[in-house]
Amino acid sequence: GRNIPRLRDKMRMVYWNQDGFKTALCSVPPLGQKQSMLMLSNHCGIADKLGTLRDKFRKLYSVRSHVHHYEEYVELPFFDDTLEILSGVIDDYRYLDTVQPPANRPRSLRDLLV
């Protein structure tokens, strides 16, 4: 618990999702470890990771590497459509990361209800 506020101060979270991560101690740690922690996060930092995955996919797909494993189950245009959707998600996250908070932004959910 003590490190969470310190971690929160170092993270640059978008104004509309300041609590975009959750942490938990796992009751059963992996073999050889004393403790295990799980962190789930929802923030715009994922755009870079998704971009890296997209670029690696493009490189492999350009030479049709491993595609034969999937041709029985999906049509080739599916890959192109999925790549377009993924690029849109990346663009959305990058845009949201640049959005400035409005001057009259609510400080809490209660402010929205009043």
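Residues numbered from 1 in each chain as written. Predicted model: local features only at pLDDT ≥ 70, side-chain atom pairs only at ≥ 80, totals over all residues. Heavy atoms only, no water.

**Some thoughts on the pattern of salt bridges**
So, step 1. Per the counting criterion, the structure on display carries two salt bridges.
So, step 2. A salt bridge links Arg94 to Asp48, with the nearest nitrogen and oxygen atoms 3.6 Å apart. You can see Arg94 sitting in helix H3 (residues 76-98) and its partner Asp48 sitting in helix H2 (residues 46-62), a full 46 residues away along the chain.
So, step 3. On the basis of relative accessibility, which here comes to 52%, the residue Asp48 falls in the exposed class.
So, step 4. Ionic pairing is found between Asp55 and Arg54, a salt bridge with its closest N-O pair at 3.6 Å.
So, step 5. Overall, the relative accessible area of 12% leaves Arg54 in the buried class. (Salt bridge = Lys/Arg side-chain N within 4 Å of Asp/Glu carboxyl O. Helix = DSSP H or I, 4+ residues; strand = E, 2+ residues; numbered from the N terminus. Buried < 20%, exposed > 50% of the residue type's maximum accessible area, 1.4 Å probe, protein only.)

**Side note on the packing of aromatic side chains**
The relative placement of two aromatic rings is captured by the distance of their centres and the angle of their planes.
So, step 1. For the structure shown, the criterion picks out five aromatic pairs.
So, step 2. An angle of 10 degrees between the planes, with centres 5.3 Å apart, marks the rings of Phe57 and Tyr61 as stacked. Remark: Tyr61 and Phe57 occur in helix H2; sequence separation between them is four residues, near one turn of the helix.
So, step 3. On the basis of relative accessible area, Phe57 is assigned to the partly exposed category, the value being 29%.
So, step 4. Members of the aromatic cluster, each reached through a chain of ring pairs, are Phe57, Tyr61, Tyr70, Phe78 and Phe79.
So, step 5. The ring of Tyr61 is capped by Arg64, whose NZ or CZ atom sits 4.2 Å from the centre of that ring. (Phe/Tyr/Trp six-rings, centres within 6.5 Å; stacked < 30°, edge-to-face > 60°. Lys NZ or Arg CZ within 6 Å of the ring centre and 35° of its normal.)

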